[in-house]
Amino acid sequence: MSEPLIKESISEEMVLKMIEAARKKAKEIGKAFVIAIVNEEGVLKGFLRMDNAPLISVQVAIDKAYTAAGFGIPTHQWYELIKNDPPLALGAPSGIQRLIVFGGGYPIIYKGKVIGGIGVSGGHYTEDMEVAKAALDALKL
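Residues numbered from 1 in each chain as written. Predicted model: local features only at pLDDT ≥ 70, side-chain atom pairs only at ≥ 80, totals over all residues. Heavy atoms only, no water.

Within an unreviewed UniProt entry, the label attached to the protein chain reads DNA polymerase III subunit delta, and the organism entered is Saccharolobus caldissimus.

Spelled out as structure tokens, the structure:
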């Protein structure tokens, strides 16, 4: 008999802790960001659009989280993977829906397994990365 597949996923407590840590870091930076957290399947689990965060950043943050969870690597690593491969560089961003190839998205990894992803948008991608890293650091995984 086959056994069911048991998946680990990010908990609501983890999501709330991450959003608060990200919000705190955003306040330190002095900009408004959008923070999106998805589960291991890329489904939105937590979300905050800070007051005055850019509207376009809503979808970008969600897609960064989705990309990170779906591939298990930070979004900024995509550029290095595709920059010297013309067919991939042209095809990946247009052919893979919701793929983001710049910083601000990270997988959330627990015991070697992807249990979710975080995406942050609203500043320069390096600032987005800082906010996302602060959220991950709050979990102490």
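(A) The arrangement of the nonpolar core in detail. Counting 28 residues, the largest nonpolar core has Ile 10, Met 18, Ile 35, Ile 37, Ile 108, Ile 118 and Val 120 as its most contacted members. Breaking this core down by element, the ones donating at least two residues are helix 1 (12–29), strand 1 (34–39), helix 2 (56–71), strand 3 (105–110), strand 4 (113–121) and helix 5 (125–139). For this core, the element with the highest residue contribution is helix 1, accounting for six residues. Beyond its immediate sequence surroundings of up to four residues, Met 18 is in contact with Ile 10, Ile 37, Ile 108, Ile 118, Ala 135, Leu 136 and Leu 139. (Core = buried A, V, L, I, M, F, W, Y, C linked by side-chain atoms within 4.5 Å. Buried < 20%, exposed > 50% of the residue type's maximum accessible area, 1.4 Å probe, protein only. Helix = DSSP H or I, 4+ residues; strand = E, 2+ residues; numbered from the N terminus. Contact = heavy atoms within 4.5 Å.)

(B) Quick peek at the sheet that holds strand 1. Pairing in this open sheet of four strands is antiparallel, and the strands run 2-1-4-3 from one edge to the other. Every interior strand has two partners, whereas the edge strands, strand 2 (44–49) and strand 3, have only one. Sheet twist, expressed as the average angle between the axes of neighbouring strands with direction ignored, equals 15 degrees. (Pairing = 2+ DSSP bridges. Axes fitted to C-alpha atoms, helices over the stretch in contact; angles between N-to-C directions.)

(C) Examining helix 1 more closely. With 18 residues, helix 1 ought to run about 26 Å at 1.5 Å a step, and its terminal C-alpha atoms sit 26 Å apart, in line with that. Where helix 1 is buried, its residues touch strand 1, strand 2, strand 3, strand 4 and helix 5. Where helix 1 terminates, the next one or two residues include Gly 30, which has phi positive at roughly 90 degrees. (Expected span 1.5 Å × (residues − 1).)

(D) Just helix 2, in detail. Compared with an ideal rise of 1.5 Å per residue, which puts 16 residues at 22 Å, helix 2 spans 23 Å between its outermost C-alpha atoms and is within 8% of the ideal. Of all the positions in helix 2, only Ser 57, Val 58, Ala 61, Ile 62, Asp 63, Lys 64, Ala 65, Thr 67, Ala 68 and Ala 69 are classed as buried. Count one or two residues on from helix 2 and you reach Gly 72, which has phi positive near 75 degrees.

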